[in-house]
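Observations on the model geometry
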Amino acid sequence: QVRLVESGGGVVQPGGSLRLSCAASGFIFSASVMRWYRQVPGKERELVASISSGASSNYVDSVKGRFTISRDNSRNMVDLQMNSLKPEDTAVYYCNFPTGNGRDYWGQGTQVTVSS
């Protein structure tokens with residue numbers, strides 16, 4: 001079955017960096033679009049970054065130039081490198097596999113807190 005497991009969250013000061021990782025299994029990872037979302041309490045889940053099977057990437061405007069999504073098809077991993085973090089980046093971050101047929105799969109989420 002499909003499984004997504006995130007790691008790498010934590011507490012960091014403004015201006016700091018964190019790297020999130022998502023280990024995927026149960027599907028053909030190399031052929032799949034992968035996404036990172038984030039959510040804060042009381043708000044809708046927000047698409048942060050996506051990466052195609054060919055490694056083309058897209059970002060929400062608020063993270064452009066600070067975050068980088070990457071994938072390692074040999075290890076079935078997708079990472080999100082987050083630099084120059086701001087307090088408004090504080091959220092639970094989720095790894096997402098959109099199947100394209102109406103069913104999305106999600107990881108359990110990892111908390112990122114940016115605070116001095």
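See the structure printed just above.
Given the structure is predicted, the values throughout are model-derived calculations rather than measurements.

**What to know about the pattern of salt bridges**
- Under the counting rule described, the total for this entry stands at six salt bridges.
- Between Arg19 and Asp79 there is a salt bridge, and its shortest N-O distance comes to 3.1 Å. Of this pair, Arg19 sits in strand 3 (residues 18-25) while Asp79 sits in strand 8 (residues 77-82), placing them 60 residues apart in sequence.
- With relative accessibility at 8%, the residue Asp79 sits in the buried group.
- One network of salt bridges, with partners in common, ties together Arg38, Glu46, Arg66 and Asp89.

**Remarks on the state of the cysteines**
- Summed over the entire model, instances satisfying the criterion amount to one disulfide.
- With its sulfur 2.1 Å from that of its partner, Cys22 forms a disulfide with Cys95. Sign of the S-S torsion, about -80 degrees for the bond between Cys22 and Cys95, identifies this disulfide as left-handed. Of this pair, Cys22 sits in strand 3 while Cys95 sits in strand 9 (residues 91-98); the two residues are 73 residues apart in sequence, bridging distant segments of the chain.

**Focus on the sheet that holds strand 3**
- The strand order across the open sheet built from four strands is 1-3-8-7, with neighbouring strands paired in antiparallel fashion. The open sheet has two edge strands with one neighbour each: strand 1 (3-7) and strand 7 (67-72). Ignoring strand direction, the axes of neighbouring strands in this sheet form an average angle of 15 degrees.
- The pairing of strand 7 with strand 8 spans six bridges and is classified as antiparallel. Looking at the pairing, Thr68 lines up with Gln81 of strand 8.

**Digging into the pairing of strand 1**
- Here strand 1 shows one buried face, formed by Leu4 and Glu6, and one open face, formed by Arg3, Val5 and Ser7.
- In this sheet, strand 3 lies alongside strand 1 in antiparallel orientation, the contact comprising five bridges. What sits directly across from Val5, in strand 3, is Ala23.

Procedures and definitions
Residues numbered from 1 in each chain as written. Predicted model: local features only at pLDDT ≥ 70, side-chain atom pairs only at ≥ 80, totals over all residues. Heavy atoms only, no water. Salt bridge = Lys/Arg side-chain N within 4 Å of Asp/Glu carboxyl O. Helix = DSSP H or I, 4+ residues; strand = E, 2+ residues; numbered from the N terminus. Buried < 20%, exposed > 50% of the residue type's maximum accessible area, 1.4 Å probe, protein only. Disulfide = S-S within 2.5 Å. Pairing = 2+ DSSP bridges. Axes fitted to C-alpha atoms, helices over the stretch in contact; angles between N-to-C directions.

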